[in-house]
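Understanding the architecture of this molecule
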Amino acid sequence: MYVTDLHNHTIFSYDGSNTPEEIIENAILCGVDVIGITDHQFSIGDRLPEYYQYIQSCKIRYADKIRVLCGLEIGTRPSPPQSLPASSEFFDYVLFESLDDERAMDFYEFIEWRRLFKCKAGLAHTDIFKLGERYGTDIPGVMRANDIFWELNTSGNYPYYYDFLTNEKKRRAVAESGIEVSVGSDTHYIAEYRKTQIRRANELLQKLNIPMP
Ligand SMILES: [Zn+2]
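What you see is a predicted model, and the numbers here were worked out from it, not measured in a lab.

**Describing the overall build of the protein**
- Across its full length, the protein carries 10 helices and seven strands.
- On C-alpha atoms alone, the protein measures out to a radius of gyration of 16 Å, which is about the 17 Å that the 2.2 N^0.38 rule sets for 213 residues.
- Along the first, second and third principal axes, the C-alpha atoms of the protein reach 45 × 40 × 25 Å.
- When each of the 213 residues of the protein is scored for burial, the buried share is 39%.
- Taking contacts inside the protein between residues at least 6 apart in sequence as the whole, the part at least 24 apart equals 74%.

Here it is as structure tokens:
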């Protein structure tokens, strides 16, 4: 089985406890094939070039053992810096977080903003079904049209993940929508790494033939 985990925090984030090397080496031990580092844009701040360079060096260093991707997690509640989309070309992808939150930016404004980013983009820990009810629209359809993937967040903090595992109707809706779905552990501390959940989510997506970014 091919195992990916595209959501991990390191000490570049205020709430990450491990170095990028520790995150990557733990992933190798856990049989992960692709590991994405996605520190918070707001806590990296001016160190964005340093962060990018550092993860690039890790990509090269671990190339024979695991594929490392350099991502960035972006908040959707306060407005991030306007310069951000311009620097996005350096990243493999960005994750926009919690778009289903009441305080998050408007979904259609978000779509306009996403178009300024020059890399792949995904929605992290966002219940797209809840968002669909709020806007009365086909959210996966809009996501597909704007090249936005959806994250299954396996951290255990978001009920929509368990809902997806058990709700046949929702699984079918996602599979038929044609959107790509990623798996993200949202790791802040490797001692809490939920290896079984990561594998389970990857296995389910592959079984359903849902494309992964
Ligand atoms: Zn996160």
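Alright, that's what it looks like, and here's the rest.
**Focus on the nonpolar core**
- Ranked by size, the top nonpolar core spans 45 residues in total, and within it Ile35, Val68, Val94, Phe96, Leu123, Trp150 and Val181 carry the most contacts.
- Per-element accounting of this core gives the leading share, five residues, to strand S3 (residues 67–74).
- Excluding its chain neighbours within four sequence positions, the residues that come into contact with Leu123 are Phe96, Leu99, Ile128, Ile148, Trp150 and Glu151.

**Focus on the sheet that holds strand S7 (residues 181–184)**
- Strand order in this open sheet of seven strands is S1-S2-S3-S4-S5-S6-S7, and the pairing throughout is parallel. Strands at the two margins of the open sheet, each flanked by one partner only, are strand S1 (4–5) and S7.
- Pairing of strand S2 (residues 34–40) with S3 involves seven bridges; the strand directions are parallel. Bridging across to S3, Ile37 finds its partner in Cys70.
- Sitting on the sheet, helix H10 (residues 195–207) touches S1, strand S6 (148–153) and S7, and the angle it makes with S7 is about 170 degrees.

Cut-offs and rules
Residues numbered from 1 in each chain as written. Predicted model: local features only at pLDDT ≥ 70, side-chain atom pairs only at ≥ 80, totals over all residues. Helix = DSSP H or I, 4+ residues; strand = E, 2+ residues; numbered from the N terminus. Rg over C-alpha atoms; globule rule 2.2 N^0.38 Å. Buried ≥ 20, exposed ≤ 12 C-beta atoms within 10 Å, placed from the backbone. Contact = placed C-beta atoms within 7 Å. Core = buried A, V, L, I, M, F, W, Y, C linked by C-beta atoms within 7 Å. Pairing = 2+ DSSP bridges. Axes fitted to C-alpha atoms, helices over the stretch in contact; angles between N-to-C directions.

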